[in-house]
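# Structural description and commentary
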Amino acid sequence: SMPRYTLLLLPLIAVTLSGFAAAQKPRAVNYDELKVPDYSLPDPLLTEAGVRISDATAWREARRPELLKLFQQFVYGTAPQPCPIRHEVVSTKTDAIDGKATRREVDVFFGTSDDAPSRRLLIYVPNAASKPVAAFLGLNFQGNHTIESDPAISITPKWVRKRKDVTDGNRATAKARGTSASRWSVESIIDRGYALVTIYYGDIDPDFDDGFKNGIHAALQANVDSVPPDQRWGSIASWAYGLSRALDFLETDEAIDSARVAVIGHSRLGKTSLWAGASDPRFAMDISNNSGCGGAALSRRAFGETIRVINKNFPHWFCDNYLQYNGDEASCPVDQHELVALIAPRPVYIASASGDRWADPKGEFLSAYHADPVYRLLGTDGLGGNQPPDLPPPADTPLSDGTIGYHLRTGKHDLTAYDWAQYMNFADRHLK
Ligand code: GTR
């Protein structure tokens, strides 16, 4: 039998253990619509001082700059000023994709000095084009060599996320060639007359939390010294910065019409494409595929992934000020519909997947819905029709006749040929 002193201690141990368990227990992820907290969203058409915005000029001159600044200060962080760029063509293949496209690899250097760091663009332009074409520009997750199987595409020497069988630890290998092809529809993009430009996101800034000792964070550190530490740029802002510098290069490229570039991204890179389009008005169209928390999904719904969870798992994605809203979404001065509104009046397409509850499909749609008034104020038809629907359309039924497009695809968190087909239909209407 137990010694007497242990018996005496038992209640104490039990209380301590249960307290410990309560403190350690992660909050359950909410997937129940009935448990979505009551929330009220900040009004994109009301300034911080309470002034109602009722015309396009006031939006452009007062509210839009104010909102952009709030997102820089409290969500993504403030990026350095654009650096000058130079470029070098690394390879050219005129008969890529069965002779339908010219494929180039171009290194874009961030800075003009000899030792400026570079990022490698992989560019496909349809050979059938007789004048500069519209383009899709998007980051990829695993390296340019995963887009299609051509063995001539260079393999990144930089850090990549580990992937079973196709990487060697955090190094890319030839085994991954073409393994992301299903996400890139290169041939159909070319067939439909568009160029495709992609960059490996880790080539811009590696996706792990090491206090920003590498990538463009380290290279441009001196340029953010004047920014208060809590609002320095996170990784999402650095990837978006890389997209903007790619656009700087495209402005000098004769094959692509830089005034008709759609920025596209999936998941964390969909958060990035939204921020790229919000912070750089040169992007003519914006596509967010399954971007979820910190992307298109309303944070105040706290459905699926929340600010607390995303900051815990990915402390390097946002600026440190964003940590304040862990478990306290309501005190954030902005919500994600205002990120969408920053893109107005340019066409924006938000897509969700039915099996991607983590990203909160309904919350992604509601961002579009609550950005609609800004789109209409700026003279567009927003989500289309006289009155936008306040609920997402049924699965596989795109709502894309307006300037804001949306669809809910059946299936899992992914970027598929179905998604691309909708984006190209949308681009046909807005970029051709
Ligand atoms: C998840 C993360 C999401 C999304 C996704 C991705 O782990 O929670 O916000 O970004 O990664 O990028 O694949």
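Keep in mind that this is a model prediction, so the values were computed, not measured.

### Overview of the pairing of strand β11 (residues 404–409)
Consecutive side chains along a regular strand alternate between the two faces of the sheet. Taking burial as the measure, the six residues of β11 include six buried ones, the bulk of the element. In terms of strand pairing, strand β10 (residues 348–353) meets β11 through six bridges, oriented parallel. Bridged to V348 within β11 is I404. For the handedness criterion, the β-α-β arrangement of β10, helix α11 (residues 361–377) and β11 is classed as right-handed.

### Examining the side chain of T306
Relative to the helices and strands, T306 resides in the loop between β9 (285–289) and α9 (307–313). Non-local contacts of T306, meaning those with residues more than four positions away in its chain, are made with C293 and E329.

### Overview of the sheet that holds β9
With respect to topology, nine strands assemble into an open sheet ordered β1-β2-β3-β7-β4-β8-β9-β10-β11, the strand pairing being mixed. The open sheet has two edge strands, β1 (85–95) and β11, and neither has a second partner. Strand-to-strand, the axes of this sheet are offset by a mean angle of 20°, without reference to chain direction. In this structure, strand β2 (residues 101–110) lies alongside strand β3 (residues 118–126), joined through nine bridges in antiparallel fashion. Within the sheet, the bridge partner assigned to T102 lies in β3 and is V125.

### Remarks on the confidence of the model for the protein
Of all residues in the protein, 94% have pLDDT values of 70 or greater, and the mean over the chain is 94. Contacts from residues 17–25, a stretch scored under 50 in pLDDT, to residues over four places away or in other chains number zero contacts.

### Focus on the site of the ligand
In the region of the ligand, the neighbouring residues are F141, S267, R268, K271, E305, I310, F314, W317, W358 and H413. K271 places a side-chain nitrogen or oxygen 2.8 Å from an oxygen atom of the ligand. Taken by itself the ligand offers 310 Å² of open surface, and the protein chains cover 81% of this. For the shell around the ligand, the residue count by class is five nonpolar, two polar and three charged.

### Concerning unusual backbone geometry
Note the cis peptide between A344 and P345, where omega equals 5°. Take P345: it is sitting in the loop between α10 (336–341) and β10. The phi dihedral of D98 is positive, around 55°, even though this residue is not glycine. Note on placement: D98 falls in helix α3 (residues 96–99). The backbone phi angle of D165 is positive, close to 70°, even though this residue is not glycine.

### Notes on the environment of L391
Structurally, L391 can be placed in the loop between α11 and β11. In sequence terms L391 and D419 are 28 residues apart; their C-alpha atoms lie 20 Å from each other. Excluding anything up to four places from it in sequence, L391 contacts K362 and F365.

Rules used in this analysis
- Residues numbered from 1 in each chain as written.
- Predicted model: local features only at pLDDT ≥ 70, side-chain atom pairs only at ≥ 80, totals over all residues.
- Heavy atoms only, no water.
- Buried < 20%, exposed > 50% of the residue type's maximum accessible area, 1.4 Å probe, protein only.
- Helix = DSSP H or I, 4+ residues; strand = E, 2+ residues; numbered from the N terminus.
- Pairing = 2+ DSSP bridges.
- Right-handed = clockwise from strand over helix to strand, strands pointing away.
- Contact = heavy atoms within 4.5 Å.
- Axes fitted to C-alpha atoms, helices over the stretch in contact; angles between N-to-C directions.
- pLDDT = per-residue confidence, 0-100.
- Near = heavy atom within 4 Å.
- Polar contact = N/O pair within 3.5 Å; in protein donor to acceptor, adjacent residues only side chain to side chain.
- Areas by Shrake-Rupley, 256 points an atom, 1.4 Å probe, with all protein chains shown as cover.
- Nonpolar A, V, L, I, M, F, W, Y, C, P; charged D, E, K, R; others polar.

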